[in-house]
Amino acid sequence: MADPKIEGYQFKPGFKGMASDTGSDQTMFKGVHWGKAMMWIFLLSDTFVFSCFLISYMKGRGSTLIDWPNPSEVFGLHVFGVDVPLLLIAIMTFVLITSSGTMALAVKYGYEKNRKMCGWLILATAIGGLTFVGMQAFEWSKLIHEGVRPWENPFGAPQFGSFFFMITGFHGTHVSIGVIFLFIYAYKVFAGHYDNKKRGWFTSMKGDYVEIEILGLYWHFVDLVWVFIFAFFYLW
Amino acid sequence: MTDIKEKEQTSTHKIGIYLWIWGLLFVLSFFSYMVDWYQFQGFLRWSLILIFMFLKAGLIMAFFMHLFWERYALVNVLLWPMTAIACFIFLMVAEFEYTLFSRAFYFVVGGGVQ
(Lines give C-alpha, C1' and ligand atoms only; values in the text may rest on other atoms or scores of the structure.)
Protein backbone atom coordinates (compact mmCIF):
# COMPACT_ATOMS: atom_id res chain seq x y z
CA MET A 1 0.00 0.00 0.00
CA ALA A 2 1.54 3.25 -1.08
CA ASP A 3 0.27 6.68 -0.20
CA PRO A 4 -0.15 8.76 -3.31
CA LYS A 5 0.58 11.94 -1.37
CA ILE A 6 3.83 10.84 0.27
CA GLU A 7 6.74 9.84 -1.96
CA GLY A 8 8.48 6.61 -1.14
CA TYR A 9 6.11 5.57 1.64
CA GLN A 10 5.67 1.84 1.92
CA PHE A 11 3.26 0.23 4.36
CA LYS A 12 4.75 -2.50 6.55
CA PRO A 13 2.51 -5.04 8.31
CA GLY A 14 2.65 -6.09 11.97
CA PHE A 15 4.42 -4.36 14.84
CA LYS A 16 7.17 -3.10 12.49
CA GLY A 17 4.45 -1.29 10.58
CA MET A 18 2.98 0.06 13.80
CA ALA A 19 6.35 1.44 14.88
CA SER A 20 6.96 3.13 11.55
CA ASP A 21 3.37 4.36 11.47
CA THR A 22 3.37 5.97 14.92
CA GLY A 23 6.90 7.27 14.46
CA SER A 24 6.45 8.56 10.94
CA ASP A 25 6.82 12.19 9.90
CA GLN A 26 4.07 14.55 8.73
CA THR A 27 1.06 12.30 9.34
CA MET A 28 0.11 9.09 11.08
CA PHE A 29 -2.00 6.41 9.36
CA LYS A 30 -0.51 7.16 5.95
CA GLY A 31 -2.73 5.83 3.20
CA VAL A 32 -5.84 5.72 5.38
CA HIS A 33 -8.62 8.00 4.18
CA TRP A 34 -8.81 10.98 6.55
CA GLY A 35 -12.56 10.56 6.91
CA LYS A 36 -12.08 6.99 8.08
CA ALA A 37 -9.40 7.94 10.62
CA MET A 38 -11.57 10.76 11.94
CA MET A 39 -14.62 8.50 12.18
CA TRP A 40 -12.57 6.11 14.31
CA ILE A 41 -11.45 8.96 16.57
CA PHE A 42 -15.07 10.11 16.88
CA LEU A 43 -16.21 6.59 17.71
CA LEU A 44 -13.49 6.34 20.35
CA SER A 45 -14.77 9.52 22.03
CA ASP A 46 -18.34 8.26 21.71
CA THR A 47 -17.25 5.04 23.41
CA PHE A 48 -16.21 7.13 26.39
CA VAL A 49 -19.57 8.93 26.46
CA PHE A 50 -21.52 5.66 26.50
CA SER A 51 -19.07 4.15 29.01
CA CYS A 52 -19.71 7.07 31.36
CA PHE A 53 -23.47 6.50 31.07
CA LEU A 54 -23.19 2.78 31.72
CA ILE A 55 -20.73 3.25 34.59
CA SER A 56 -22.97 5.85 36.25
CA TYR A 57 -25.83 3.37 35.82
CA MET A 58 -23.70 0.72 37.54
CA LYS A 59 -22.95 3.16 40.35
CA GLY A 60 -26.60 4.16 40.72
CA ARG A 61 -27.93 0.62 40.65
CA GLY A 62 -25.22 -0.68 42.96
CA SER A 63 -25.67 1.94 45.64
CA THR A 64 -29.45 1.92 46.09
CA LEU A 65 -31.02 0.13 49.04
CA ILE A 66 -34.37 -0.25 47.27
CA ASP A 67 -34.76 -3.25 44.96
CA TRP A 68 -34.02 -2.56 41.29
CA PRO A 69 -37.04 -3.18 38.98
CA ASN A 70 -36.80 -6.61 37.33
CA PRO A 71 -36.12 -5.75 33.66
CA SER A 72 -37.38 -9.15 32.56
CA GLU A 73 -40.87 -8.20 33.82
CA VAL A 74 -40.77 -4.45 33.14
CA PHE A 75 -39.88 -5.00 29.47
CA GLY A 76 -42.01 -8.12 29.05
CA LEU A 77 -44.95 -8.18 26.66
CA HIS A 78 -48.34 -9.84 26.98
CA VAL A 79 -49.04 -11.53 23.63
CA PHE A 80 -51.72 -14.10 22.81
CA GLY A 81 -52.51 -14.50 26.49
CA VAL A 82 -48.92 -15.35 27.43
CA ASP A 83 -46.38 -13.19 29.25
CA VAL A 84 -43.16 -13.27 27.26
CA PRO A 85 -40.14 -11.73 29.03
CA LEU A 86 -38.08 -9.12 27.15
CA LEU A 87 -39.87 -9.92 23.89
CA LEU A 88 -39.71 -6.44 22.36
CA ILE A 89 -36.06 -6.00 23.34
CA ALA A 90 -35.16 -9.36 21.79
CA ILE A 91 -36.86 -8.39 18.52
CA MET A 92 -35.11 -5.00 18.57
CA THR A 93 -31.77 -6.77 19.04
CA PHE A 94 -32.39 -9.05 16.08
CA VAL A 95 -33.53 -6.14 13.90
CA LEU A 96 -30.37 -4.19 14.71
CA ILE A 97 -28.10 -7.17 14.02
CA THR A 98 -29.89 -7.77 10.73
CA SER A 99 -29.32 -4.16 9.70
CA SER A 100 -25.67 -4.45 10.76
CA GLY A 101 -25.28 -7.46 8.48
CA THR A 102 -26.84 -5.70 5.49
CA MET A 103 -24.54 -2.73 6.14
CA ALA A 104 -21.45 -4.97 6.15
CA LEU A 105 -22.55 -6.39 2.79
CA ALA A 106 -23.25 -2.88 1.47
CA VAL A 107 -19.64 -1.90 2.27
CA LYS A 108 -18.40 -5.01 0.46
CA TYR A 109 -20.51 -4.39 -2.65
CA GLY A 110 -19.55 -0.71 -2.55
CA TYR A 111 -15.86 -1.57 -2.84
CA GLU A 112 -16.74 -3.92 -5.68
CA LYS A 113 -18.43 -0.92 -7.37
CA ASN A 114 -21.72 -2.81 -7.49
CA ARG A 115 -23.89 0.30 -7.37
CA LYS A 116 -27.34 -1.34 -7.33
CA MET A 117 -26.59 -3.96 -4.66
CA CYS A 118 -24.84 -1.39 -2.48
CA GLY A 119 -27.78 1.01 -2.73
CA TRP A 120 -30.45 -1.58 -1.98
CA LEU A 121 -28.51 -2.92 0.99
CA ILE A 122 -28.07 0.58 2.44
CA LEU A 123 -31.79 1.12 1.97
CA ALA A 124 -32.50 -2.17 3.77
CA THR A 125 -30.21 -1.02 6.59
CA ALA A 126 -32.07 2.29 6.84
CA ILE A 127 -35.43 0.51 7.02
CA GLY A 128 -34.06 -1.79 9.74
CA GLY A 129 -32.91 1.25 11.70
CA LEU A 130 -36.27 2.91 11.25
CA THR A 131 -38.02 -0.21 12.54
CA PHE A 132 -35.74 -0.17 15.56
CA VAL A 133 -36.51 3.48 16.36
CA GLY A 134 -40.23 2.81 15.91
CA MET A 135 -40.14 -0.07 18.38
CA GLN A 136 -38.16 2.06 20.81
CA ALA A 137 -40.80 4.81 20.57
CA PHE A 138 -43.43 2.15 21.33
CA GLU A 139 -41.43 0.95 24.32
CA TRP A 140 -40.99 4.48 25.67
CA SER A 141 -44.69 5.33 25.36
CA LYS A 142 -45.65 2.02 26.98
CA LEU A 143 -43.40 2.69 29.99
CA ILE A 144 -44.52 6.33 30.25
CA HIS A 145 -48.16 5.15 30.30
CA GLU A 146 -47.27 2.72 33.07
CA GLY A 147 -45.98 5.67 35.11
CA VAL A 148 -42.20 5.47 34.61
CA ARG A 149 -40.66 8.93 35.08
CA PRO A 150 -37.03 10.02 35.48
CA TRP A 151 -37.71 10.57 39.19
CA GLU A 152 -40.11 7.73 40.04
CA ASN A 153 -41.63 4.48 38.79
CA PRO A 154 -44.08 1.92 40.15
CA PHE A 155 -41.62 -1.01 39.94
CA GLY A 156 -38.82 -0.20 42.37
CA ALA A 157 -35.79 2.04 42.76
CA PRO A 158 -36.61 5.56 41.48
CA GLN A 159 -33.25 5.89 39.70
CA PHE A 160 -34.38 3.32 37.13
CA GLY A 161 -36.32 5.82 35.02
CA SER A 162 -33.57 8.40 34.67
CA PHE A 163 -30.98 5.82 33.62
CA PHE A 164 -33.41 4.16 31.23
CA PHE A 165 -34.41 7.37 29.45
CA MET A 166 -30.86 8.71 29.38
CA ILE A 167 -29.13 5.60 28.04
CA THR A 168 -31.73 4.33 25.58
CA GLY A 169 -32.55 7.90 24.56
CA PHE A 170 -28.95 8.68 23.72
CA HIS A 171 -28.63 5.42 21.82
CA GLY A 172 -31.91 6.04 20.00
CA THR A 173 -30.66 9.48 18.98
CA HIS A 174 -27.59 7.83 17.47
CA VAL A 175 -29.78 5.37 15.56
CA SER A 176 -32.03 8.19 14.30
CA ILE A 177 -29.07 10.23 13.05
CA GLY A 178 -27.71 7.07 11.43
CA VAL A 179 -31.03 6.43 9.66
CA ILE A 180 -31.06 9.97 8.24
CA PHE A 181 -27.53 9.52 6.90
CA LEU A 182 -28.34 6.05 5.55
CA PHE A 183 -31.18 7.50 3.46
CA ILE A 184 -28.92 10.31 2.20
CA TYR A 185 -26.16 7.85 1.27
CA ALA A 186 -28.63 5.45 -0.34
CA TYR A 187 -29.68 8.33 -2.58
CA LYS A 188 -26.06 9.25 -3.30
CA VAL A 189 -25.19 5.66 -4.24
CA PHE A 190 -28.23 5.24 -6.53
CA ALA A 191 -27.53 8.63 -8.13
CA GLY A 192 -24.03 7.37 -8.93
CA HIS A 193 -22.14 10.03 -6.97
CA TYR A 194 -19.42 7.53 -6.08
CA ASP A 195 -19.04 6.14 -9.58
CA ASN A 196 -18.49 9.51 -11.27
CA LYS A 197 -16.60 10.98 -8.26
CA LYS A 198 -19.06 13.81 -7.70
CA ARG A 199 -17.84 16.21 -5.02
CA GLY A 200 -19.83 16.29 -1.78
CA TRP A 201 -21.57 19.49 -0.65
CA PHE A 202 -19.94 19.67 2.78
CA THR A 203 -16.24 18.85 2.50
CA SER A 204 -16.27 18.93 -1.32
CA MET A 205 -14.05 15.86 -1.42
CA LYS A 206 -14.36 13.58 -4.41
CA GLY A 207 -17.03 10.92 -4.04
CA ASP A 208 -15.59 7.48 -3.29
CA TYR A 209 -17.02 4.23 -1.99
CA VAL A 210 -14.76 4.58 1.07
CA GLU A 211 -17.53 6.87 2.38
CA ILE A 212 -19.81 3.83 2.56
CA GLU A 213 -17.24 2.14 4.79
CA ILE A 214 -17.12 5.23 7.01
CA LEU A 215 -20.91 5.23 7.26
CA GLY A 216 -20.74 1.50 7.99
CA LEU A 217 -18.29 2.07 10.86
CA TYR A 218 -20.79 4.43 12.47
CA TRP A 219 -23.68 2.00 11.98
CA HIS A 220 -21.76 -0.99 13.37
CA PHE A 221 -20.81 1.14 16.36
CA VAL A 222 -24.49 1.82 17.06
CA ASP A 223 -25.05 -1.94 16.99
CA LEU A 224 -21.99 -2.43 19.22
CA VAL A 225 -23.33 -0.03 21.85
CA TRP A 226 -26.65 -1.87 21.78
CA VAL A 227 -24.82 -5.13 22.57
CA PHE A 228 -23.57 -3.53 25.80
CA ILE A 229 -26.89 -1.86 26.67
CA PHE A 230 -28.73 -5.15 26.05
CA ALA A 231 -26.33 -7.00 28.34
CA PHE A 232 -26.09 -4.50 31.18
CA PHE A 233 -29.43 -2.77 31.20
CA TYR A 234 -31.89 -5.40 30.00
CA LEU A 235 -30.34 -8.74 30.96
CA TRP A 236 -28.33 -7.99 34.11
CA MET B 1 0.50 5.43 -7.92
CA THR B 2 -3.21 5.76 -8.60
CA ASP B 3 -3.22 2.20 -9.90
CA ILE B 4 -2.02 0.90 -6.55
CA LYS B 5 -4.64 2.91 -4.70
CA GLU B 6 -7.35 1.69 -7.01
CA LYS B 7 -6.29 -1.90 -6.44
CA GLU B 8 -6.20 -1.52 -2.67
CA GLN B 9 -9.72 -0.13 -2.50
CA THR B 10 -11.34 -2.72 -4.69
CA SER B 11 -9.90 -5.67 -2.78
CA THR B 12 -12.64 -7.03 -0.55
CA HIS B 13 -13.27 -10.13 1.46
CA LYS B 14 -15.39 -13.07 0.40
CA ILE B 15 -19.09 -12.83 1.14
CA GLY B 16 -18.94 -16.06 3.14
CA ILE B 17 -17.06 -14.50 6.04
CA TYR B 18 -19.74 -11.81 6.47
CA LEU B 19 -22.55 -14.35 6.34
CA TRP B 20 -20.78 -16.54 8.89
CA ILE B 21 -20.29 -13.64 11.32
CA TRP B 22 -23.88 -12.56 10.74
CA GLY B 23 -25.14 -16.04 11.60
CA LEU B 24 -22.89 -16.26 14.65
CA LEU B 25 -24.24 -12.93 15.93
CA PHE B 26 -27.79 -14.23 15.60
CA VAL B 27 -26.92 -17.42 17.46
CA LEU B 28 -25.11 -15.52 20.25
CA SER B 29 -28.01 -13.06 20.61
CA PHE B 30 -30.39 -15.99 20.81
CA PHE B 31 -28.23 -17.56 23.54
CA SER B 32 -28.11 -14.35 25.55
CA TYR B 33 -31.90 -14.10 25.29
CA MET B 34 -32.12 -17.69 26.51
CA VAL B 35 -30.17 -16.64 29.63
CA ASP B 36 -33.17 -14.50 30.53
CA TRP B 37 -35.74 -16.99 29.24
CA TYR B 38 -34.53 -19.76 31.55
CA GLN B 39 -33.99 -17.25 34.38
CA PHE B 40 -30.44 -18.30 35.22
CA GLN B 41 -29.40 -16.50 38.39
CA GLY B 42 -26.26 -15.50 40.23
CA PHE B 43 -22.75 -16.10 38.98
CA LEU B 44 -23.90 -18.28 36.06
CA ARG B 45 -26.15 -15.49 34.74
CA TRP B 46 -23.49 -12.77 34.97
CA SER B 47 -20.74 -14.87 33.43
CA LEU B 48 -22.95 -16.03 30.53
CA ILE B 49 -24.14 -12.46 29.86
CA LEU B 50 -20.55 -11.18 29.83
CA ILE B 51 -19.22 -14.03 27.66
CA PHE B 52 -21.92 -13.58 25.00
CA MET B 53 -21.56 -9.79 25.16
CA PHE B 54 -17.78 -9.82 24.63
CA LEU B 55 -18.04 -12.45 21.87
CA LYS B 56 -20.63 -10.37 20.01
CA ALA B 57 -18.70 -7.13 20.50
CA GLY B 58 -15.48 -8.81 19.38
CA LEU B 59 -17.05 -10.26 16.23
CA ILE B 60 -18.64 -6.95 15.25
CA MET B 61 -15.41 -5.00 15.79
CA ALA B 62 -13.08 -7.57 14.22
CA PHE B 63 -15.03 -8.40 11.05
CA PHE B 64 -17.88 -5.94 10.46
CA MET B 65 -15.68 -2.97 11.40
CA HIS B 66 -12.66 -4.63 9.70
CA LEU B 67 -10.34 -4.23 12.71
CA PHE B 68 -9.02 -7.77 12.14
CA TRP B 69 -7.56 -6.62 8.81
CA GLU B 70 -6.52 -3.12 9.89
CA ARG B 71 -2.97 -1.97 10.55
CA TYR B 72 -1.70 -2.42 14.11
CA ALA B 73 -1.27 1.32 14.64
CA LEU B 74 -5.01 1.91 14.28
CA VAL B 75 -5.98 -1.15 16.33
CA ASN B 76 -3.71 -0.11 19.20
CA VAL B 77 -4.85 3.50 19.14
CA LEU B 78 -8.41 2.24 19.53
CA LEU B 79 -7.99 -0.53 22.05
CA TRP B 80 -5.51 0.86 24.61
CA PRO B 81 -7.82 3.69 25.77
CA MET B 82 -10.23 0.93 26.88
CA THR B 83 -7.90 0.31 29.82
CA ALA B 84 -8.87 3.77 31.09
CA ILE B 85 -12.51 2.65 31.05
CA ALA B 86 -11.55 -0.50 32.95
CA CYS B 87 -9.81 1.67 35.59
CA PHE B 88 -12.90 3.88 35.83
CA ILE B 89 -15.13 0.84 36.35
CA PHE B 90 -12.77 -0.37 39.08
CA LEU B 91 -12.90 3.02 40.84
CA MET B 92 -16.67 3.31 40.62
CA VAL B 93 -17.21 -0.19 42.00
CA ALA B 94 -15.30 0.91 45.11
CA GLU B 95 -17.39 4.08 45.14
CA PHE B 96 -20.80 2.38 44.95
CA GLU B 97 -19.82 -0.12 47.63
CA TYR B 98 -18.88 2.78 49.91
CA THR B 99 -22.14 4.63 49.13
CA LEU B 100 -24.16 1.48 49.75
CA PHE B 101 -22.35 0.90 53.03
CA SER B 102 -22.86 4.44 54.29
CA ARG B 103 -26.54 4.42 53.27
CA ALA B 104 -27.16 1.09 54.98
CA PHE B 105 -25.26 2.25 58.04
CA TYR B 106 -26.85 5.70 58.52
CA PHE B 107 -30.38 4.60 57.59
CA VAL B 108 -30.16 2.12 60.46
CA VAL B 109 -28.04 3.95 63.02
CA GLY B 110 -29.25 7.46 62.17
CA GLY B 111 -27.39 10.60 61.14
CA GLY B 112 -26.41 11.90 64.58
CA VAL B 113 -23.44 9.62 65.10
CA GLN B 114 -20.14 11.46 65.45
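Residues numbered from 1 in each chain as written. Chains lettered and ligands numbered in written order. Predicted model: local features only at pLDDT ≥ 70, side-chain atom pairs only at ≥ 80, totals over all residues.

Peer 1: I'd like to hear about the overall build of chain A, residue by residue, with values.
Peer 2: What chain A contains, in helices and strands, is seven helices and two strands. Going residue by residue from the N terminus, the α and β elements of chain A occur as α-α-α-β-β-α-α-α-α. Oriented by its inertia axes, the alpha-carbon framework of chain A measures out at about 65 × 40 × 30 Å. For chain A, the residues scored as buried account for 36% of the 236 residues in total. A sequence separation of at least 24 residues applies to 65% of the contacts in chain A between residues at least 6 apart. (Helix = DSSP H or I, 4+ residues; strand = E, 2+ residues; numbered from the N terminus. Buried ≥ 20, exposed ≤ 12 C-beta atoms within 10 Å, placed from the backbone. Contact = placed C-beta atoms within 7 Å.)

Peer 1: Account for the overall build of chain B, with residues named and values stated.
Peer 2: Scanning chain B from terminus to terminus reveals five helices and zero strands. When the elements of chain B are put in sequence order from the N terminus, they spell out α-α-α-α-α. Taken across its 114 residues, chain B has 12% of its residues classed as buried.

Peer 1: Residue-level account of the interface of chain B and chain A, with values.
Peer 2: Counting residues at the interface gives 46 residues for chain B and 44 residues for chain A. When contributions to the side of chain B that touches chain A are tallied by element, the ones reaching two or more residues are α1 (2-10), α2 (15-37), α3 (42-64), α4 (72-79) and α5 (82-109) of chain B. Each residue belonging to the side of chain B that touches chain A can be placed in one class, and the counts come to 30 nonpolar, nine polar and seven charged. (Nonpolar A, V, L, I, M, F, W, Y, C, P; charged D, E, K, R; others polar.)

Peer 1: Please set out the domain arrangement of chain A residue by residue, giving values where relevant.
Peer 2: Its domain assignment divides chain A into domain 1 (1-31) and domain 2 (33-235). Computed over C-alpha atoms, the centres of domain 1 of chain A and domain 2 of chain A are 34 Å apart. (Domains from an automatic or database assignment.)

Peer 1: I'd like a description of the packing of helix α4 (residues 87-111) of chain A against α2(B), backed by residues and values.
Peer 2: For the pair α4(A) and α2(B), the least separation of the axes is 10 Å and the interaxial angle reads 170°. One element, α4(A), and the other, α2(B), form an angle in the roughly antiparallel class. Residues Ala90(A), Thr93(A), Phe94(A), Ile97(A), Gly101(A), Ala104(A), Leu105(A) and Lys108(A) of α4(A) pack against Ile15(B), Tyr18(B), Trp22(B), Leu25(B), Phe26(B), Ser29(B) and Tyr33(B) of α2(B). Considering only residue class, the contact of α4(A) with α2(B) consists of 11 nonpolar, three polar and one charged. (Axes fitted to C-alpha atoms, helices over the stretch in contact; angles between N-to-C directions. Parallel < 35°, antiparallel > 145°, perpendicular 65-115°, else oblique.)

Peer 1: Tell me what's going on with the environment of Trp151(A), and back it up with residues and numbers.
Peer 2: Residue and element names in this part refer to chain A. Locating Trp151 in the fold gives a position in the loop between α5 (115-145) and α6 (159-190). Residue Trp151 is classed as exposed on the basis of its 8 C-beta neighbours within 10 Å. C-alpha of Trp151 to C-alpha of Phe48: the two residues are 103 residues apart in sequence and 25 Å apart in space. Once residues lying within four places of it in the same chain are set aside, the contact partners of Trp151 are Pro158 and Gly161.

Peer 1: Which residues make up unusual backbone geometry, and what are the values?
Peer 2: Residues other than glycine seldom take positive phi values, yet Lys197(A) does so here, at roughly 55°. The exposure class of Lys197(A) is exposed, given the 11 C-beta atoms found within 10 Å. Positive phi, normally seen in glycine, also occurs at Gln39(B), with a value near 55°. On the secondary structure map, Gln39(B) appears in the loop between α2 and α3. Among the residues examined, Gln39(B) registers 9 C-beta atoms within 10 Å and is labelled exposed.

Peer 1: Please set out α5(A) residue by residue, giving values where relevant.
Peer 2: Residue and element names in this part refer to chain A. The end-to-end C-alpha distance of α5 is 45 Å, a good match for the 45 Å that 31 residues give at a rise of 1.5 Å each. If you check which residues of α5 are buried, you get Cys118, Gly119, Leu121, Ile122, Thr125, Ala126, Gly128, Gly129, Phe132 and Leu143. In this structure, the buried side of α5 is in contact with α4, α6 and α7 (210-235). (Expected span 1.5 Å × (residues − 1).)

Peer 1: Go over the nonpolar core with me, naming the residues and quoting the values.
Peer 2: By size, the foremost hydrophobic cluster in this structure holds 63 residues, and its most contacted members are Ala106(A), Ile122(A), Ile167(A) and Phe230(A). Discounting chain neighbours no more than four positions away, the residues touching Phe230(A) are Ile89(A), Thr93(A) and Leu235(A). (Core = buried A, V, L, I, M, F, W, Y, C linked by C-beta atoms within 7 Å.)

Peer 1: Tell me about the environment of Gly129(A), and name the residues and values.
Peer 2: All names here are of chain A. Mapped onto the elements of the fold, Gly129 is located in helix α5. Spatially, the C-alpha atom of Gly129 lies 24 Å from that of His145, the residues being 16 residues apart in sequence. Beyond its immediate stretch of four places on either side in the chain, Gly129 contacts Ser99, Val175, Gly178, Val179 and Leu182.

Peer 1: So, the packing of α5(A) against α6(A): which residues are in play, and what are the values?
Peer 2: Residues and elements named next belong to chain A. Across the interface, α5 lies against α6 with an axial gap of 8 Å and an inter-helix angle of 155°. Here α5 is positioned roughly antiparallel relative to α6, judged by the angle of their axes. In terms of crossing hand, the pair formed by α5 and α6 is left-handed. Contact residues: α5 offers Arg115, Cys118, Gly119, Ile122, Leu123, Thr125, Ala126, Gly129, Leu130, Phe132, Val133 and Gln136, while α6 offers Thr168, Gly172, Val175, Ser176, Gly178, Val179, Leu182, Phe183, Tyr185, Ala186, Val189 and Phe190. (Left-handed = near helix turned anticlockwise from the far one by under 90°.)

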